[in-house]
Amino acid sequence: MPSVGFGLITAAVLAIAAVGFTLQFAVTNVLNLAFASIMTLAAFVAYWINQTGVSIWIALIASIAAGALISVALNYFVYSPFQRRGSAPITLVIVSLGMALILEFGTSAIVGGISVSYNMSQGSTVKFAGMILTTVQLIIIAISVVVMAGVYALLRYTKLGKAMRATAANRMLARNSGIRASRVIAITWALTGALCGLAGIVFAIDVQSFDPTSTDIFLILILAAVFLGGPGHAYGAMLGALVIGLATEVSAAYIQSDYKYVVAFVILLAMLAVRPTGLLGTRT
Amino acid sequence: MLYLIILLVYTAVDAMACLGLSQQFGVAGVTNFGFIIFQAAGAYVAAVLALPSDTANGGFQTYIGGFSLPFPLPWIGAAVAGGLLALPFTFLVGRRLRGDYAAVGLLVTAVLLNLLVVNYRPLFNGAAGTSLVPAPLQSGMFVGTSNGYQFGFAIGGLILVVAVFWFVRRITESPYGRTLRAMRDNDKVADSLGKNLVALRTGVLVTGGAIAGLSGAILVSFIGVWDPAAWSYAETIVLFTAIIVGGAGNHLGALLGAVLVPVGFEEVTRFISNNNPSLPPNLLPSLQWVAIGLLITIFLWLRPQGVLPERRRVIVPPARDATGARPTRQRPAPEGTEVLKAADVSKDFGGVRAVANVSLSVSKGTLTGLIGPNGAGKSTLLSVLAGTEKVSGGRISYMGQDVTALPAYRRARVGLVRTFQLASEFKRLTVVENLLSAVPGNRGDSFTGALIGRRYWRGDEAAAAARAYQLIESFGLRDKANEYAGNLSGGQRRLVEIMRALMTEPDVLLLDEPMAGVHPELARQIGEALQELCRQGMTILMVEHELAIVDELCDPVIVMADGQVLAQGTMAELRDRSEVVEAYLVG
């Protein structure tokens with residue numbers, strides 16, 4: 001049973017990132033492979049603040065802000081100019097890989113190749129239904145649940161959420177219906193960037209020790225969760241994160257833990273081969 | 001070891017890899033983000049074929065195989081392994097999957113295969129990698145060989161690069177290569193013209209994989225060790241950067257890119273670190289990756305065509321008239337028979353029923369019009385008739401055969417061809433090339449035909465070119481014949497599309513608003529040409545918005561509304577029917 005606990009924590013972190021990634025892709029049409037690199041940089045921003053003696057839970061806000069800021073800047077200075085010029089989707093994917101390299105290894109050039117940890121207490125452990133969790137891990141799960149509820153409320157009940165869904169479904173039509181699509185897209189970059197920054201810091205808290213390349217593999221998990229649920233589907237990404245999180249950690253209890261990511265990989269390739277629109281995706 | 005030798009061998013390895021990727025990405029438009037795993041597979045296979053078994057090799061490393069095979073078997077095995085490794089991935093680049101999703105799938109594969117090889121030690125000795133790989137025709141590693149041998153090795157590597165260059169060029173400059181470029185520019189349209197996308201992409205994945213595998217063999221024979229750090233997923237991005245900087249679609253550009261990016265970067269870094277020994281060890285490699293990221297982005301923005309852009313291929317009209325050299329397709333059906341028939345055909349998109357239980361038949365030699373208000377399902381109906389979209393229900397038969405299950409390219413090959421509503425010219429093919437790309441049965445339009453060479457296919461090519469020039473002249477586009485189709489006006493692009501469809505010598509032609517955006521005088525000319533084709537036995541089903549055109553050209557006319565067929569008859573008859581007038585003619 002302890003592996004279910006690990007699975008839930010991984011799923012909680014993964015859900016924040018996957019929902020951010022998939023919403024970003026749905027609304028902005030950028031398959032942003034630099035997402036995980038932004039996560040790391042945001043986590044390092046929190047680390048630098050944490051190093052000055054500030055509590056990590058306050059630094060969390062800085063990490064969120066950094067994620068949003070970097071994402072907005074990336075769109076404003078790079079992705080958006082390419083899109084306005086009418087570049088092919090694949091060109092943007094290549095550009096996003098270029099951005100991933102710049103951010104990841106830019107961070108690496110600044111901090112060096114060493115692993116760092118936040119200055120924080122893990123809190124007392126709690127036993128619950130055969131799972132052993134620390135207070136910090138419970139907080140991570142709570143944050144994730146609140147974020148998922150928030151995303152649901154945003155998409156379901158707010159004007160902005162509706163505008164986001166409309167822009168995702170058909171940008172031209174949304175524009176013609178009086179939605180200021182470019183503004184919706186800019187706000188989406190800020191929002192999903194904030195989710196990215198949050199995912200970065202909770203990832204770093206969860207793994208406890210991280211370096212600039214730590215999120216390389218995590219990107220694979222994000223992609224697996226996103227494609228499992230169907231690219232662009234927020235609720236699909238939540239479901240995908242839960243399945244991938246549990247599948248990787250629970251399988252680690254039975255096979256060698258080094259191979260746990262293979263499960264995510266097989267799921268991803270199977271989805272691409274059989275049902276590229278994902279479990280919840282029906283539209284072509 | 002001589003510095004020059006190192007430089008020459010690295011140049012050979014990177015140039016060869018770049019040629020393979022240039023063929024995949026630059027020519028065929030297959031974005032293989034996992035390219036490096038093919039090089040890695042070649043290197044590992046060459047290593048374990050050349051090494052003695054691991055127990056006999058000191059026992060400090062484990063690997064499968066260890067066959068002590070003599071040169072050149074390890075290198076041949078490497079190329080075969082690279083080609084075979086491509087086969088499991090062909091499902092990723094098939095007909096249905098978007099190119100960017102396939103690229104993500106390949107990227108993920110590259111990351112995870114690396115992880116697997118690191119963790120599963122029995123395969124290739126895990127993170128430490130296989131080492132002590134002997135050099136070709138030697139008992140020890142490359143470092144211990146004589147200067148003369150090393151020089152010969154470098155020259156041999158470069159000769160292999162020349163051979164690979166000859167190979168990819170021969171493919172690219174053939175009708176088969178033109179088909180690859182057409183697929184790169186618009187795969188859906190290539191599919192509709194009878195091109196088998198899965199077979200084409202499998203071809204480039206396998207040949208590119210084999211080339212990458214061979215480059216890996218040369219590399220591992222040279223450095224003697226091969227470990228997972230040498231083939232991280234990011235190495236693929238370096239090769240992509242080389243292709244984009246050098247010029248995608250131009251193999252000389254790929255060679256230039258190989259010298260500028262992978263080789264150049266290595267040398268510059270080495271130079272800086274040699275002169276500044278006090279730098280932190282992590283800084284330069286990190287900055288190198290940052291520079292790669294910057295380089296790829298800046299080039300895609302400022303000079304997406306690269307330093308050496310793909311060159312425009314000018315095709316001159318053949319001197320003597322070569323038409324009639326090959327027999328035109330038999331048109332077996334007699335006048336008046338039903339050549340195309342839909343029975344109870346439906347198409348759903350999610351919950352929306354775009355086409356609902358449509359039954360219709362089209363008779364040979366007619367120019368049938370298909371009209372209806374926006375959103376009536378006309379284009380969708382055309383798509384399912386041509387096979388671009390699968391039906392949700394019902395049957396489609398063509399010439400008496402059930403074709404419901406046939407994919408678009410197979411329907412096109414038996415003479416059922418469509419055009420598209422949106423501009424769908426192959427942008428980076430010239431007008432003549434657009435037309436030639438559609439010609440079925442060109443002997444050079446296959447992998448083997450392309451390899452056999454120009455002498456084998458130039459007869460077919462000349463005949464096709466003669467026919468293309470005839471069409472181009474009759475539609476008055478002679479002075480644009482060798483322009484890129486993407487640079488033409490909207491009306492001219494529509495003409496190219498119609499001419500291209502005609503080059504397939506279709507029996508049934510499905511046209512989606514062929515006159516939209518075309519100058520009225522030209523539209524009249526197209527109309528006359530279409531009528532003439534029908535008189536000669538062709539059958540045309542045409543979606544059209546302009547009622548005046550339909551009135552003049554089409555008989556019979558089918559009216560659609562809300563996904564259903566509302567009425568069928570001559571325009572005069574339809575005008576008398578109130579429901580038709582209500583649904584469309586007035587509203």
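Nothing here was measured: the structure is a model prediction, and the numbers come from that model.

**Regarding the overall build of chain A**
Okay, so step 1: Each helix and strand in chain A was counted, giving eleven helices and two strands.
Okay, so step 2: Sequence-ordered secondary structure for chain A, helices as α and strands as β, is α-α-α-α-β-β-α-α-α-α-α-α-α.
Okay, so step 3: In summary, chain A has a C-alpha radius of gyration of 18 Å against a globular reference of 19 Å for 284 residues, a match within 12%.
Okay, so step 4: The principal-axis extent of the C-alpha atoms belonging to chain A is close to 55 × 45 × 35 Å.
Okay, so step 5: Across the 284 residues of chain A, 52% fall into the buried class.
Okay, so step 6: Within chain A, counting contacts between residues at least 6 apart in sequence, those at least 24 apart form 74% of the total.

**Quick word on the pairing of strand β1 (residues 125-128) of chain A**
Okay, so step 1: Bridge count for β1(A) against strand β2 (residues 131-134) of chain A is four bridges, and the pairing is antiparallel. Within the sheet, the bridge partner assigned to Lys127(A) lies in β2(A) and is Ile132(A).

**Brief notes about the sheet that holds strand β1 (residues 338-349) of chain B**
Okay, so step 1: If you trace the four strands from one edge of the open sheet to the other, you get β2-β1-β4-β5 (chain B), paired in antiparallel fashion. Each edge of the open sheet is held by one strand with a lone partner, namely β2 (352-363) and β5 (401-402) of chain B.

**As for helix α12 (residues 283-302) of chain B**
Okay, so step 1: Compared with an ideal rise of 1.5 Å per residue, which puts 20 residues at 28 Å, α12(B) spans 28 Å between its outermost C-alpha atoms and is within 8% of the ideal.
Okay, so step 2: Packing partners of the buried residues in α12(B) comprise α3 (56-84) and α4 (89-111) of chain A together with α10 (234-246) of chain B.

**Let's talk about the interface of chain A and chain B**
How big an interface is tends to be reported as the loss of accessible area on association of its parts.
Okay, so step 1: With 36 residues of chain A at the interface, the matching set in chain B holds 35 residues.
Okay, so step 2: Counting residues per element, the ones that place at least two in the side of chain A that touches chain B are α4, α9 (215-229) and α11 (260-274) of chain A.
Okay, so step 3: Ranked by residues supplied to the side of chain A that touches chain B, first place goes to α4(A) with 15 residues.
Okay, so step 4: Along the lines of polarity and charge, the residues of the side of chain A that touches chain B split into 25 nonpolar, eight polar and three charged.

**So, the domain arrangement of chain B**
All names here are of chain B.
Okay, so step 1: Its domain assignment divides chain B into domain 1 (3-231), domain 2 (338-425 + 488-586) and domain 3 (426-487).
Okay, so step 2: Each of domain 1 and domain 2 has a C-alpha centre, and these two points are 47 Å apart.
Okay, so step 3: Between domain 1 and domain 2, the contact holds ten residues from the first and twelve residues from the second.
Okay, so step 4: Classifying every residue of the side of domain 1 that touches domain 2 gives two nonpolar, four polar and four charged.

**Some remarks on the nonpolar core**
Okay, so step 1: One finds Leu14(A), Ala18(A), Ile220(A), Ile222(A), Ala225(A), Met16(B) and Cys18(B) to be the most contacted residues of the largest nonpolar core, which totals 289 residues.
Okay, so step 2: It is helix α1 (residues 2-28) of chain A that contributes the most residues to this core, 17 residues altogether.
Okay, so step 3: Ignoring anything within four residues of it in the chain, the contact list for Ala225(A) reads Leu14(A), Ala18(A), Ala237(A), Gly240(A), Ala241(A) and Ile244(A).

**Focus on helix α19 (residues 520-535) of chain B**
Residue and element names in this part refer to chain B.
Okay, so step 1: The end-to-end C-alpha distance of α19 is 23 Å, a good match for the 22 Å that 16 residues give at a rise of 1.5 Å each.
Okay, so step 2: Among all positions in α19, only Ala 523, Ile 526 and Leu 530 are buried. When α19 is viewed along its axis, its buried side chains cluster within an angular range of 60° and face the same direction. Turned more than 90 degrees away from the buried face of α19, the exposed residues are Glu 521, Glu 528, Glu 532 and Arg 535.
Okay, so step 3: Close packing links the buried residues of α19 with β3 (367-371), α18 (490-503), β8 (539-543) and α20 (547-553).
Okay, so step 4: Positive backbone phi, approximately 115°, marks Gly 537, located one or two places after α19.

Conventions and cut-offs
In every chain, residue numbers begin from 1 and rise along the written sequence. In the order they appear in the text, chains get letters beginning with A and ligands get numbers beginning with 1. A pLDDT threshold of at least 70 governs which residues receive local features in this predicted model, and a stricter bar of 80 or more applies before side-chain atom pairs are shown or counted, although totals over entire chains, interfaces and linings include all residues. Labels follow the DSSP assignment, with helices taken as runs of H or I lasting at least four residues and strands as runs of E lasting at least two, numbered in each case from the N terminus. We take the radius of gyration over the C-alpha atoms and set the globule estimate at 2.2 Å times the residue count to the 0.38 power. Whether a residue is buried, exposed or partly exposed is read from the other C-beta atoms within 10 Å of its own C-beta, which are placed from the backbone; 20 or more gives buried, 12 or fewer gives exposed, and intermediate counts give partly exposed. Residue pairs qualify as contacts under a 7 Å threshold applied to their C-beta atoms, which are placed from the backbone. Pairing between strands requires that DSSP locate at least two bridges from one strand to the other. Under the convention used throughout, the expected extent of a helix is 1.5 Å for every residue step, that is, one less than its residue count. Polar here means any residue other than Ala, Val, Leu, Ile, Met, Phe, Trp, Tyr, Cys and Pro, which are nonpolar, and Asp, Glu, Lys and Arg, which are charged; Gly is therefore polar. Marked domain ranges trace back to an automatic or database domain assignment. Only buried Ala, Val, Leu, Ile, Met, Phe, Trp, Tyr and Cys residues enter a nonpolar core, and they are joined through C-beta atoms within 7 Å. Comment: arc refers to directions from the helix axis out to C-beta atoms.

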